Amino acid sequence: MATSTLAGPFDTLFGSETSLPASAAVEPLHNPVEYRSENGRLDVTLEAKVVRTKVGKFEISAATYNGVYGGPVLRVKPGDTLHVTLINHLKQVTNIHFHGLSVSPKGHGDNAMKAIAPGESWDYEIDIPADHRAGLYWYHTHAHGFAERQLMAGLSGMLVIEGFQKAEPELAPLKERLFALKDFQADSHGDLYRVLKAYHRDIRTINGQLMPRIDIQPDETQLWRLSNQTANAFFRLSLEGHTFRIVGRDAAPVPHPETVNEVMFGPSQRLDVLVDGGAPGSYKLVSERTLTGPQGDEFPAQNMALMVVAPPASGEAKAAGLPASSQMVANAGSDMSKATMTGNRLVVFSSDDATGLFFINHRIFDHQRVEVKVPLGSVEEWTIRNSADELHIFHIHQAPFQVMSVNGVAQPFNGLVDTVTVPIHGEVKMRIAFTDPKIVGRFMFHCHILEHEDKGMMAQIEVFDPKVGPMPEGMQHDHNMGGSMAGAAMPMHDAAAAADTNVGR
Amino acid sequence: MRNSIRMAAQACAAVSSLSMILALATPAAAQSAVGDSAWPKVGTETQVDFEYDHLSPKHDRDGGALNIQAGQQTLIELDNRWSVSNLLTLQPMQSLQPGDHRVLADHGLFAEELFARWNNQRVNIKVGKFAQNFARAWYLTPGLYGQDIVGDYALGETLGAEAQVMLGDETFGLHQVSASAFMADRTILSESLFYNRGRLTRDAGGSANTSGLKSFVVSYDATNVPVGHAALDYQISLASLGHGVDGDKDERRGSAGFNFNIPLNGSVEETLRGRFSELRLLAEAVRIDSADGISGQRRDYLIGAVEYQRGQWVFDLTASDRRSMDPFAPAVHDKLQSVAIGYSLPSDMVVAVGLAHEVIGGQDGILVGLQVSQTLTTCDRCLIRGRHY
């Protein structure tokens with residue numbers, strides 16, 4: 001039985017170390033349970049429920065899919081159909097968003113407006129286009145008002161669309177490791193705090209493990225696929241005596257790999273990096289201390305894992321490597337630098353200290369209001385302005401974008417991404433193509449620091465067929481749906497109201 | 001400019017007792033329901049400052065005081081339009097005088113704010129007890145002593161109604177116009193617990209101490225106006241305060257001020273490494289004619305402040321100036337210069353030291369102080385954060 005020896009709420013008062021030492025790295029890094037598609041289809045049932053879960057030496061009250069805190073991995077191929085049955089055993093509404101996918105936001109698709117009431121179930125039927133970008137995606141709860149805490153409790157997992165390594169054949173023989181990076185803040189009973197603050201200990205995990213051991217051979221190169229599935233935390237990862245070669249961001253290969261001493265990525269962002277074994281020995285993977293600005297948060301340093309470099313044991317095959325001199329040039333997709341823009345928009349992130357609310361264009365999220373209506377076929381330039389004294393991270397569903405400039409400094413084309421961090425009092429200009437007919441419908445854009453999203457920093461966009469026009473105000477996708485599944489779940493506001501009657505406390 | 005040193009919180013020694021207070025302050029009802037449409041939602045936040053100040057006048061006896069200043073703010077959101085806000089403040093009710101040696105003396109607890117609010121994000125209406133939106137340096141000036149002179153012109157402890165309207169969109173920043181009508185608070189809310197400062201009466205006189213809402217403020221506020229990649233805020237305010245029983249003329253006020261936040265090292269990467277740095281400038285001028293409702297009596301204020309933040313460190317310099325003209329007395333020129341250094345610990349605790357030189361009523365003095373402060377959020381829209389997921 002796990003102990004419940006979590007530290008008290010003030011143990012980081014003076015920034016005391018919460019890391020485990022290298023000697024604690026005994027257990028090898030495990031991949032979470034995987035579900036793979038077969039014959040063009042993946043049918044999987046995910047049960048969202050509260051479970052007492054052992055995380056390292058701690059036991060916490062987590063909310064997980066199928067009891068797996070690290071999150072089950074879903075593996076599909078372009079052209080497959082992903083069918084997820086979500087059963088909500090929680091006492092709150094929940095749902096699933098398939099982060100980064102360019103698929104339909106309607107009905108039983110990637111419909112994050114849909115909330116599944118307690119005791120209800122919902123079928124997501126996601127047709128992955130045959131030409132969809134391969135890469136590392138993820139799925140997670142998107143229940144507005146609950147997302148921060150539900151995600152911290154564990155309701156997320158990785159979604160791999162296979163083929164990333166095929167697009168860059170030199171990567172194909174390399175060992176792939178998945179890193180679902182999560183965090184939690186729990187009290188001495190293992191219950192998550194209601195208020196998530198720096199004076200609680202923030203514990204970060206990899207695939208639900210604390211300080212795992214990562215084995216690698218001296219001449220080996222591994223592909224580490226890092227997915228930040230925390231609610232609010234930024235990572236600044238360093239690996240003692242090693243560098244990282246970044247080969248992918250947010251599922252897209254980068255045109256020219258970049259070698260760095262540390263990788264930085266925020267909530268919801270993903271990175272594909274190459275790590276070379278090098279000289280035998282043990283090296284700590286460290287999440288360095290990060291701050292998000294004068295009004296933001298601080299995340300103390302923590303040892304995340306120990307990489308152990310050792311020659312192959314007798315009888316063990318020699319693992320593949322990739323010389324640092326390798327010149328990979330990946331196809332990163334279409335460069336929109338020279339595209340003709342059909343519109344410009346300004347999105348302002350701001351907050352109000354008096355109420356604690358967070359705004360987009362000085363308005364909090366309203367599920368009945370569509371902030372932006374865009375005709376299909378548009379290619380727009382958006383300016384994201386951060387008017388706050390802390391970082392914000394912009395994310396839009398369904399439509400990846402190209403970052404054109406940051407604070408007026410032009411950015412080279414580095415592939416399409418689905419998230420970007422906006423500097424304090426800064427601006428990011430980006431271009432978004434709303435040209436894919438599959439994304440017609442209503443979806444969201446928001447700050448992916450989920451504390452901010454839960455407190456209002458989210459808005460709706462509707463991409464509409466210009467021949468048909470936008471949906472009437474207040475109408476949900478469900479009203480356009482026929483078939484037997486219509487009405488199996490309810491719009492967010494109704495489901496939330498239903499949740500109130502089911503609390504029983 | 002944020003008052004990053006003042007806006008801080010508390011020492012470890014008081015943590016356990018404070019936690020008990022906070023537990024009591026968190027409404028039990030706040031834990032009884034979940035749901036995005038579950039109203040009301042409750043937020044509570046506590047800020048506690050421990051401060052020791054030492055005053056050394058050149059021609060009088062030294063004085064020193066150890067004080068607590070605490071604020072407990074509660075926000076109850078009744079639905080997505082209506083809310084009720086309350087700010088309870090515990091603070092010493094007497095200012096430090098030469099020769100004083102006080103330890104936690106004269107502390108009173110009172111309701112500094114209690115108002116209902118309606119807003120739809122473009123229009124914001126407040127009714128109740130709140131500080132008027134006249135000038136801003138009285139709460140924005142940084143440092144332990146930066147607000148000591150300009151605190152004079154804060155229009156707090158007033159009852160009234162205020163409407164604020166957002167103009168246009170945010171392309172060139174957030175622009176708002178506000179107007180309010182108010183009077184001095186003479187209700188039970190003007191009293192205090194523990195050390196009772198007593199209820200304000202009409203006979204006590206003073207500006208805005210009128211029989212009805214005979215005082216008015218009109219303000220124009222611009223916030224986050226982009227200037228390059230810096231943010232400019234400015235405000236212009238006009239006020240008329242009805243005279244009390246001891247006055248003969250309504251007080252007239254005008255103010256103009258700005259604060260300018262200029263990130264110096266503000267890339268995402270440098271921010272995450274803890275090397276974010278920013279220069280903040282603040283200036284404000286205020287004129288008060290017929291001060292205290294006395295015709296011919298005038299006060300002019302001028303304040304400037306520079307704050308530099310780098311990572312966890314904050315350095316502040318302030319200079320403030322007050323000139324008082326009275327038709328029947330010699331003019332008085334008061335001034336104060338201060339410096340302060342603060343450091344934020346990972347827990348959001350801020351430790352700051354400050355030094356000020358003041359000339360008040362012709363008397364020189366040196367103030368030295370140490371402040372430890374902590375803000376604790378005990379309930380953060382907690383109705384939607386139930387025990388179960």
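Residues numbered from 1 in each chain as written. Chains lettered and ligands numbered in written order. Predicted model: local features only at pLDDT ≥ 70, side-chain atom pairs only at ≥ 80, totals over all residues. Heavy atoms only, no water.

Q: Summarise the overall build of chain B; cite the residues concerned and give the values.
A: Along the backbone of chain B there are three helices and 18 strands. Burial analysis of chain B (389 residues in total) assigns 53% to the buried set. Approximately 16000 Å² of chain B is accessible, and the part contributed by carbon and sulfur atoms is 61%. (Helix = DSSP H or I, 4+ residues; strand = E, 2+ residues; numbered from the N terminus. Buried < 20%, exposed > 50% of the residue type's maximum accessible area, 1.4 Å probe, protein only. Areas by Shrake-Rupley, 256 points an atom, 1.4 Å probe, with all protein chains shown as cover.)

Q: I'd love a proper account of the overall build of chain A, names of residues and values included.
A: The number of helices and strands found in chain A is four helices and 35 strands. Evaluated residue by residue, chain A yields a buried proportion of 63% over its 505 residues. Pairs at least 24 apart in sequence give 77% of the contacts found in chain A among residues at least 6 apart. Just so you have it, chain A exposes about 16700 Å², and 51% of that area is on carbon and sulfur atoms. (Contact = heavy atoms within 4.5 Å.)

Q: Break down the pattern of salt bridges for me, citing the residues and quoting the values.
A: Within this structure, the stated rule accounts for 47 salt bridges over all chains. As a salt-bridge pair, B:Asp185 and B:Lys129 come within 2.8 Å of each other at their nearest N and O atoms. Of this pair, B:Asp185 sits in the loop between strand 8 (174–184) and strand 9 (193–194) while B:Lys129 sits in strand 6 (residues 123–130), placing them 56 residues apart in sequence. Residue classification places B:Lys129 among the buried positions, given a relative accessible area of 1%. Connected through shared salt-bridge partners, A:Glu34, A:Arg36, A:Arg75, A:Glu162, A:Glu176, A:Arg225 and A:Asp272 make up one network. (Salt bridge = Lys/Arg side-chain N within 4 Å of Asp/Glu carboxyl O.)

Q: Give me the side chain of B:Glu162: which residues, what numbers.
A: Residues and elements named next belong to chain B. By the secondary structure assignment, Glu162 is in strand 7 (residues 158–167). Look at Glu162 and you get buried, because its relative accessible area is 6%. Each residue touching Glu162, except ones within four places of it in the same chain, is listed here: Asn124, Ile125, Lys126, Phe130, Asn133, Ser178, Ala179 and Ser180.

Q: Mind laying out the sheet that holds strand 10 (residues 156–161) of chain A, listing which residues take part and the relevant values?
A: Residues and elements named next belong to chain A. Taken together, the five strands give an open sheet; going across it, the order is 1-4-10-9-6, and neighbouring strands pair in mixed fashion. The open sheet has two free edges, formed respectively by strand 1 (34–36) and strand 6 (97–99), since each of these has just one partner strand. Averaged over neighbouring strand pairs, the angle between their axes works out to 25 degrees when direction is ignored. Relative to strand 10, strand 9 (residues 135–140) is paired through six bridges, and the arrangement is antiparallel. Paired with His140 across the bridge in strand 10 is Ser156. (Pairing = 2+ DSSP bridges. Axes fitted to C-alpha atoms, helices over the stretch in contact; angles between N-to-C directions.)

Q: Describe the nonpolar core, with residues and values.
A: All names here are of chain A. If you look at the biggest cluster of nonpolar residues, it comprises 40 residues, and the most contacted ones within it are Leu82, Val84, Ile96, Phe98, Leu101, Leu159 and Phe184. The set of elements that each furnish at least two residues to this core consists of strand 2 (41–55), strand 3 (58–65), strand 4 (73–76), strand 5 (81–88), strand 8 (121–127), strand 9, helix 1 (147–153) and strand 10. Those residues within four positions of Leu101 in sequence are excluded, and the remaining contacts are Ile126, Ile128, His132, Tyr137, Leu159, Ile161 and Gln398. Ile384, Phe394, Met430 and Met457 belong to the second largest nonpolar core, which has 38 residues in total. (Core = buried A, V, L, I, M, F, W, Y, C linked by side-chain atoms within 4.5 Å.)

Q: How would you summarise the sheet that holds strand 31 (residues 419–422) of chain A if you had to cite specific residues and measurements?
A: All names here are of chain A. Within the open sheet, the five strands sit side by side as 26-34-33-28-31. Their pairing is mixed. If you trace the sheet from one side to the other, it starts and ends with strand 26 (372–375) and strand 31, each paired once. Each neighbouring strand pair of the sheet contributes to a mean axis angle of 25 degrees, computed without reference to strand direction. Pairing analysis gives four bridges linking strand 26 to strand 34 (residues 458–464), with the strands arranged parallel. Looking across to strand 34, one finds that Val374 is bridged to Val463.

Q: Run through the environment of A:Ile439, naming residues and quoting values.
A: Along the polypeptide, A:Ile439 turns up in the loop between strand 32 (427–434) and strand 33 (441–447). Excluding anything up to four places from it in sequence, A:Ile439 contacts A:Ser102, A:Val103, A:Pro105, A:Gln398, A:Ala399, A:Phe434 and A:Val463.

Q: I'd like a rundown of the environment of B:Asp62, residues and numbers included.
A: Residues and elements named next belong to chain B. Here Asp62 is to be found in the loop between strand 1 (41–57) and strand 2 (63–77). Judged by relative accessible area, Asp62 falls into the partly exposed class, the value being 36%. C-alpha separation for the pair Asp62 and Gly99, spaced 37 residues apart in sequence, amounts to 5.2 Å.

Q: Explain the side chain of B:Gln164 to me, using residue names and the numbers behind them.
A: Residues and elements named next belong to chain B. Residue position: Gln164 is located in strand 7. A residue is classified by how much of its surface remains accessible, and Gln164, at 12% relative accessible area, is buried. Setting aside residues up to four positions removed in sequence, Gln164 forms contacts with Arg122, Val123, Asn124, Asn133, Gln176, Val177, Ser178 and Asp221.

Q: Would you mind going over a nonpolar patch on the surface in detail, with residue names and values included?
A: Residues and elements named next belong to chain B. Taken together, Tyr52, Trp313, Phe315, Ile341, Val351, Val353 and Leu370 make up a surface patch of nonpolar side chains, about 580 Å² in accessible area. Where the nonpolar patch is concerned, the elements lending two or more residues are strand 15 (313–326) and strand 17 (350–360). Its location among the elements puts Phe315 in strand 15. What makes Phe315 partly exposed here is its relative accessible area of 35%. (Patch = residues over 30% accessible without salt bridge, like charges linked within 9 Å, V, L, I, M, F, W, Y side chains within 5 Å.)

Q: Account for the packing of aromatic side chains, with residues named and values stated.
A: Residue and element names in this part refer to chain A. Summed over the entire model, instances satisfying the criterion amount to 19 aromatic pairs over all chains. Between the aromatic rings of Phe98 and Tyr124, the centroid separation amounts to 5.5 Å while the plane-to-plane angle is 70 degrees, which identifies the pairing as edge-to-face. Pair noted here: Phe98 is in strand 6 and Tyr124 is in strand 8, with a separation of 26 residues, a long-range link. When its relative accessible area of 0% is taken as the criterion, Phe98 is described as buried. (Phe/Tyr/Trp six-rings, centres within 6.5 Å; stacked < 30°, edge-to-face > 60°.)

Q: So what's going on with the pairing of strand 24 (residues 343–352) of chain A? Which residues, and what values?
A: For a regular strand, side-chain orientation follows a simple rule: the groups alternate between the two sheet faces. Residue and element names in this part refer to chain A. Note that strand 24 and strand 27 (residues 378–386) share seven bridges and pair parallel. Following the sheet pairing, Leu346 is matched in strand 27 by Thr383. The antiparallel pairing of strand 24 with strand 25 (residues 357–360) creates a hairpin that spans four residues between the two strands, and Gly356 there sits at a positive phi of about 75 degrees.

Q: Describe the confidence of the model for chain B, naming the residues involved and giving the relevant values.
A: All names here are of chain B. In this model, chain B carries a mean pLDDT of 86, and residues with pLDDT of at least 70 account for 86%. Considering only residues more than four positions removed or in separate chains, one finds that residues 1–35, a stretch of pLDDT under 50, has 120 contacts. Under a pLDDT of 50 for its full length, residues 384–388 has, in the predicted model, 24 contacts with residues more than four places off or in other chains. (pLDDT = per-residue confidence, 0-100.)

Q: Could you give an account of the confidence of the model for chain A, with specific residues and numbers?
A: Averaged over all residues, the pLDDT of chain A equals 87, while 88% of them reach at least 70. Across residues 1–17 of chain A, confidence stays below pLDDT 50; counting only partners more than four residues off in sequence or on other chains, it has 51 contacts.

Q: How would you sum up the environment of A:Asp43? Please name residues and give values.
A: All names here are of chain A. Looking at where Asp43 falls in the secondary structure, it is placed in strand 2. Each C-alpha atom of the pair Asp43 and Tyr124 lies 9.9 Å from the other, and the pair is 81 residues apart in sequence. A distance of 3.1 Å separates the side chain of Asp43 from the side chain of Arg41, its partner in a polar contact. Polar side-chain contacts of Asp43 include one of 2.7 Å to the side chain of His83. (Polar contact = N/O pair within 3.5 Å; in protein donor to acceptor, adjacent residues only side chain to side chain.)

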